[in-house]
Amino acid sequence: MASSFYVFGNWKMNKNAIQARDFVRQLRAEVKPEEEAAFCIFPSALTAFAVSEALISSKISWGGQNIHSEEAGAFTGENSPAVLKEMGAKYCLVGHSERRQIFFEPEEFMAKKVVKLQELGITPVLCVGETLDSRKWGRTHEVILRQLKSGLDGVDFSKPLFIAYEPVWAIGTGEVATPEQVSEVHDRIRESLLELGGARSSQVPILYGGSVKSSNSPGLAALREVNGFLVGGASLDPAEFLAIYRNRTGN
Ligand code: PGA
């Protein structure tokens with residue numbers, strides 16, 4: 001199992017450049033140097049420059065919310081992974097459920113993005129998760145295994161990689177998955193990773209995401225295969241974001 005604990009903040013399409021800088025200033029004022037590496041902020045593409053500048057000389061990292069799998073070309077409205085790298089991003093989300101559901105990103109895009117990011121030295125964070133219907137029909141594991149298999153096709157398990165389990169029904173709804181539900185899925189994800197990538201995949205951190213806040217995070221952080229959180233709404237406030245990290249059990 002991966003040993004560090006991570007708290008990643010997905011800002012989605014929130015905050016302008018001034019608000020983004022203010023957030024980073026407030027977070028940097030509070031975070032201890034030894035805590036910095038646990039945090040990553042995922043600003044929208046248009047505020048990424050402000051965030052990257054505000055994070056200079058900090059170990060707090062930032063990442064992209066989405067990129068195209070090609071480095072350049074006729075792809076109006078898309079973001080280049082090569083430029084993301086130049087700007088200093090350490091991570092990039094792939095296959096967030098809002099990309100899959102609202103923007104109909106097809107499954108076959110995911111692996112291409114994962115492979116390209118690894119090639120450029122950016123750590124992909126592949127997001128997987130079932131819809132409420134899939135869960136009701138008992139298809140949770142089947143859906144997640146399918147997303148893992150197709151999203152990790154061609155991945156290099158010797159290079160950094162993260163998985164984020166985000167049940168679609170828990171994202172932005174206030175309805176957090178129970179520790180039992182999270183534990184069951186994370187254990188199955190770990191088993192699937194070991195089957196797909198062998199022993200090296202024991203180091204792949206698995207994050208949980210879906211309505212995480214400082215009041216519900218301790219019970220989830222204590223679970224064996226939960227190596228951190230991908231936080232949406234609660235990552236918009238620096239004090240709350242920090243509290244999610246500091247409230248984790250056993251620290
Ligand atoms: P939420 O979002 O914490 O607001 O539910 C999580 C996510 O979409 O990554």
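Residues numbered from 1 in each chain as written. Predicted model: local features only at pLDDT ≥ 70, side-chain atom pairs only at ≥ 80, totals over all residues. Heavy atoms only, no water.

A.B. asks: Can you help me understand the sheet that holds strand 7 (residues 206–209) in this one?
C.D. replies: The pairing of strands in a sheet comes from backbone hydrogen bonds and takes either a parallel or an antiparallel form. Spatial ordering of the closed barrel is given by 1-2-3-4-5-6-7-8, a layout of eight strands whose pairing is parallel. Sheet twist, expressed as the average angle between the axes of neighbouring strands with direction ignored, equals 25°. Pairing geometry for strand 3 (residues 61–64) and strand 4 (residues 91–94), over two bridges, is parallel. Paired with G63 across the strands is Y91, a residue of strand 4. Along the sheet, helix 7 (residues 140–151) makes contact with strand 5 (123–128) and strand 6 (162–165), crossing strand 5 at roughly 155°. (Pairing = 2+ DSSP bridges. Helix = DSSP H or I, 4+ residues; strand = E, 2+ residues; numbered from the N terminus. Axes fitted to C-alpha atoms, helices over the stretch in contact; angles between N-to-C directions. Contact = heavy atoms within 4.5 Å.)

A.B. asks: How should the layout of surface pockets be read in this particular structure?
C.D. replies: A water-sized probe rolled over the atoms picks out the places where empty space is left. Here the largest pocket is characterised by a volume of approximately 660 Å³. What lines the largest pocket is a set of 28 residues, and nearest its centre among them are S44, A45, Q65, N66 and N79. Looking at the lining of the largest pocket, the elements with two or more residues in it are strand 3, helix 3 (81–86) and helix 4 (97–101). The greatest single-element share of the lining of the largest pocket, amounting to three residues, is contributed by strand 3. Across the lining of the largest pocket, the residue classes tally to 13 nonpolar, 11 polar and four charged. (1 Å grid on protein atoms, 1.4 Å probe; cavity = no way out; pocket = protein on both sides within 12 Å on 5 of 7 lines; lining within 4 Å. Points joined across faces, edges and corners; volume = space filled by probe spheres on them. Nonpolar A, V, L, I, M, F, W, Y, C, P; charged D, E, K, R; others polar.)

A.B. asks: Any chance you could explain unusual backbone geometry here in plain terms?
C.D. replies: Trans peptide bonds make up most of the peptide bonds, and negative phi angles are found at most residues other than glycine. Although it is not a glycine, K12 sits at a positive phi angle of roughly 55°. Residue placement: K12 occurs in the loop between strand 1 (6–10) and helix 1 (17–30). In this structure, K15 is a non-glycine residue whose phi angle is positive, near 75°. Along the chain, the position of K15 falls in the loop between strand 1 and helix 1.

A.B. asks: Hey, could you run me through the pattern of salt bridges in this one?
C.D. replies: Pairing between side chains becomes possible if they bear opposite charge and their charged atoms approach one another. Scanning the entire structure with this criterion turns up 12 salt bridges. R224 is the partner of D187 in a salt bridge, and the nearest nitrogen-oxygen pair spans 2.9 Å. With D187 in helix 8 (residues 179–197) and R224 in the loop between helix 9 (217–221) and strand 8 (228–231), the pair connects residues that are 37 residues apart, well separated along the chain. Residue classification places R224 among the exposed positions, given a relative accessible area of 54%. Among the charged side chains, a network of salt bridges with common partners joins E71, K116 and E119. (Salt bridge = Lys/Arg side-chain N within 4 Å of Asp/Glu carboxyl O. Buried < 20%, exposed > 50% of the residue type's maximum accessible area, 1.4 Å probe, protein only.)

A.B. asks: Help me understand the packing of helix 5 (residues 107–120) against helix 7 in this model?
C.D. replies: How two helices sit against one another is set out by the angle between their axes and by the gap between those axes. Two elements in contact, helix 5 and helix 7, have axes whose closest approach is 7 Å; the angle formed by their N-to-C orientations is 45°. Taken together, the axis directions place helix 5 and helix 7 in an arrangement best described as oblique. Every residue of helix 7 that contacts helix 5 at E107, M110, A111 and V114 is listed here: R146, Q147, S150 and G151. Here the contact of helix 5 with helix 7 is composed, by residue class, of three nonpolar, three polar and two charged. (Parallel < 35°, antiparallel > 145°, perpendicular 65-115°, else oblique.)

A.B. asks: Can you help me understand the site of the ligand in this one?
C.D. replies: As a structural note, the neighbourhood of the ligand is formed by 14 residues, with K12, H96, E166, G172 and S211 the closest of them. The contact in question runs from an oxygen atom of the ligand to an N or O atom on the backbone of G232, over 2.8 Å. With respect to the ligand, the backbone of G233 contributes an N or O atom lying 2.9 Å from an oxygen atom. Protein contact buries 95% of the 280 Å² of open area that the ligand shows by itself. (Near = heavy atom within 4 Å. Polar contact = N/O pair within 3.5 Å; in protein donor to acceptor, adjacent residues only side chain to side chain. Areas by Shrake-Rupley, 256 points an atom, 1.4 Å probe, with all protein chains shown as cover.)

A.B. asks: Even after reading the chapter, I still don't get the side chain of T47, so can you show me in this structure?
C.D. replies: Looking at where T47 falls in the secondary structure, it is placed in the loop between strand 2 (39–42) and helix 2 (48–54). Residues contacting T47, with those up to four places away along its chain left out, are K15, N16, A17 and A20.

A.B. asks: Please clarify how the packing of helix 1 against helix 10 (residues 238–246) should be interpreted in this entry.
C.D. replies: Following both chains from N to C, one finds helix 1 and helix 10 inclined at 40°, their axes separated by 9 Å at the closest point. One way to sum up the angle between helix 1 and helix 10 is to call them oblique. Between helix 1 and helix 10 the crossing geometry is right-handed. On helix 10, the residues touching F23, Q26, L27 and E30 of helix 1 are P238, F241, L242 and R246. Here the contact of helix 1 with helix 10 is composed, by residue class, of five nonpolar, one polar and two charged. (Left-handed = near helix turned anticlockwise from the far one by under 90°.)

A.B. asks: What's the story with the nonpolar core in this structure? I'm lost.
C.D. replies: Across soluble globular proteins, nonpolar side chains show a tendency to be buried alongside one another. Residues F39, L152, I163, I189, Y208 and F229 are the most contacted members of the largest nonpolar core, which totals 57 residues. Every residue in contact with Y208, bar those within four places of it in the chain, is listed here: Y165, P167, A170, V176, A177, V182, H186, L220, G228, F229 and L230. Counting residues in hydrophobic clusters, the runner-up holds 12 residues, among them F42, Y91, L93 and L230. (Core = buried A, V, L, I, M, F, W, Y, C linked by side-chain atoms within 4.5 Å.)

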